[in-house]
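# Observations on chain architecture
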Amino acid sequence: MTGVSAHLPVCPDNPPLRGLIDACVMCGLCLPHCPTYRLAGNEAESPRGRIALAAGLIDGAIEADSAALSHLDHCLGCLSCQTVCPSQVRYDDILVATRARLDALRPPSRLRRALRDPRLLTRAARLAAWTQASRWLPKLATLFPARSPWRRLAQVEPAVPDPLRLRALPATPKRSRVALLRGCVASVYDRDTLQAARYLLEALGHEVVETSSECCGALARHAGDVAGAARAADETRTTLETSGAEVVLTCASGCHGDLRDQVRPQGLRVADALAFLVEDARWPTLRFRALEKCAALHLPCTQVNVVGDVGKIRDALARIPALSITDLPQQPRCCGAAGTYFIENPGIADALRDEKLAQTAALEPDLLLTTNIGCRIHLGNGLRESKSPLEVTHPLALLARHLDNASP
Ligand code: SF4
Ligand code: SF4
């Protein structure tokens, strides 16, 4: 983190932020649900502590020095606190508004600027995929100093999934047009998931349009770059509103909330792809081949706290005969991925991930399922580092692989 020591400038919209902050009655009921508080046992690493910190910063009572700001940087944005808050405090808005103010005070490093730029991220991911960087980047990483974030970035280069080998679908008359959000990083590292979603949707007779615009703006917004997030949202909104679709589907739970609440395309419903499939009247007509395996299900924070529809994931997977599904224990809720958090805060991110992977190992599953690309990358890298053969995949990919209504 860049060292700073200053007071936040007074902003014209401090009163609304002050109103959001004042909704917190400091009851502390959110504390046991906060992953960073669980790890540190320190009030400053809790939601209540961070809200108090935000209040002190905007009032000028607390100086914005590196020590104070690190507690805000450490927040995963998992929103477990917001979900359990009886006073309905809008913690997400407080966090983003406070980080946006800090952004003006603390120019982001080159790495931070890159991590919040969806175009740059997408291009880098495509280049890494094309050059099969996961084979040589970890060796290159050793050239950077041990604590350098660039070293971390090179070390966590995820493997690009192979395309799924799927049987041809029988011709079906098209009955509706749906848009599928590709996302930025997900368009490369979750391409098998997108392929699976398209396949299952086409099996139900939907025409699928994949968006050319990449991003919902979530990475930029959560970093406090509200202008960058708004630009990404504007581009995506325009693309979606001219797509001719009635609904836009997300495969990554991390993209869903920002697409729904910030992009807000006019005339299009935003839905989770799995929930949309399960709600389709023709869904029961699909048949799936049996799979005698045990899958551990990791539910991302964004799936639980933002998207919902958790029951529909289980309903969908229950269609695969003989497949046994076990949820990972809820605590710690977060695996530590949290967008680009796992690159910027590897200490906390890896501690949370290691706990999650230990819980996974205790279940002795044959595969690990998750509905968010960030979790898939972070957990997958942890498994790779520990030389575990366990595969992390999206439930959509598993369903597509086992669809039986197709030509052999
Ligand atoms: S955020 Fe909500 S649960 Fe947490 S201390 Fe404030 S009022 Fe209580
Ligand atoms: S968003 Fe998550 S990490 Fe941040 S304060 Fe709330 S519970 Fe803790």
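Just above, that's the structure.
Scope of this entry: the structure provided in the associated data block.

Scoring rules and cut-offs
Residues numbered from 1 in each chain as written. Chains lettered and ligands numbered in written order. Predicted model: local features only at pLDDT ≥ 70, side-chain atom pairs only at ≥ 80, totals over all residues. Helix = DSSP H or I, 4+ residues; strand = E, 2+ residues; numbered from the N terminus. Buried ≥ 20, exposed ≤ 12 C-beta atoms within 10 Å, placed from the backbone. Contact = placed C-beta atoms within 7 Å. Near = placed C-beta within 6 Å. Nonpolar A, V, L, I, M, F, W, Y, C, P; charged D, E, K, R; others polar. Expected span 1.5 Å × (residues − 1). Axes fitted to C-alpha atoms, helices over the stretch in contact; angles between N-to-C directions. Parallel < 35°, antiparallel > 145°, perpendicular 65-115°, else oblique. Pairing = 2+ DSSP bridges.

What follows covers the overall build of the chain. Each helix and strand counted, the chain has 22 helices and 8 strands in total. For the chain, the residues scored as buried account for 47% of the 408 residues in total. Considering only contacts in the chain between residues 6 or more positions apart, those separated by 24 or more positions represent 77%.

A few words on the site of ligand 1. With respect to spatial proximity, 13 residues lie near ligand 1, and among them Cys-24, Cys-27, Cys-30, Cys-85 and Ser-87 are the closest. Across the shell around ligand 1, the residue classes break down as 10 nonpolar, 2 polar and 1 charged.

Our focus in this paragraph is unusual backbone geometry. With phi around 75°, Ala-322 is a residue other than glycine that occupies positive phi space. Mapped onto the elements, Ala-322 comes out in the loop between α18 (310-317) and β6 (324-327). Located in the positive-phi region is Lys-387, a residue other than glycine, with phi close to 60°. Structurally, Lys-387 is set in the loop between α21 (373-385) and β8 (391-393).

Time to look at helix α12 (residues 191-203). Taking 1.5 Å of rise per residue, the 13 residues of α12 would be expected to cover 18 Å, and the 18 Å separating its terminal C-alpha atoms lies within 8% of that figure. Among the 13 residues in α12, 10 count as buried, and that is most of the element. Where α12 is concerned, the buried positions are Asp-192, Thr-193, Leu-194, Ala-196, Ala-197, Arg-198, Tyr-199, Leu-200, Leu-201 and Ala-203. At its buried positions, α12 is contacted by β1 (176-180), β2 (206-210), β3 (247-250), α16 (273-279) and α22 (395-401). Two residues or fewer past α12, Gly-205 is found with a positive phi of approximately 90°.

As a further point, take the packing of helix α20 (residues 346-363) against α21. Helix packing geometry: the angle between the two helix axes and the distance between the axes. α21 packs onto α20 with a crossing angle of 75° between their chain directions and a minimal axis gap of 10 Å. With respect to each other, α20 and α21 are oriented roughly perpendicular. Within the contact between the two elements, α20 uses Ala-349, Arg-353, Asp-354, Lys-356 and Leu-357 and α21 uses His-378, Leu-379, Gly-382 and Leu-383. In terms of residue class, the contact of α20 with α21 is built from 4 nonpolar, 2 polar and 3 charged.

Every one of the 14 residues lining ligand 2 counts as a neighbour, but Cys-34, Pro-47, Cys-75, Cys-78 and Cys-81 are closest to it. Only α2 (35-40), α3 (47-59) and α5 (80-84) provide two or more residues apiece to the shell around ligand 2. Taken together, the residues of the shell around ligand 2 sort by class into 9 nonpolar, 4 polar and 1 charged.

Within a sheet, adjacent strands bond to each other through the backbone by hydrogen bonds, running parallel or antiparallel. Read across the sheet, 4 strands follow the order β6-β5-β7-β8 without closing on themselves; strand pairing throughout is parallel. Looking at strand neighbours, the two that pair on one side only are β6 and β8, the edges of this open sheet. Taken pair by pair, the neighbouring strands of this sheet meet at an average axis angle of 30°, ignoring direction. In this structure, strand β7 (residues 367-370) lies alongside β8, joined through 3 bridges in parallel fashion. By the bridge assignment for β8, Leu-368 is matched with Val-392.

With that out of the way, let us pick up α21. The terminal C-alpha atoms of α21, which comprises 13 residues, lie 18 Å apart, in line with the 18 Å expected from a rise of 1.5 Å per residue. Along α21, 10 of the 13 residues are buried, which leaves the element largely enclosed by surrounding structure. Listing the buried residues of α21 in full gives Ile-373, Gly-374, Cys-375, Arg-376, Ile-377, His-378, Leu-379, Gly-380, Asn-381 and Gly-382. Positive backbone phi, approximately 60°, marks Lys-387, located one or two places after α21.

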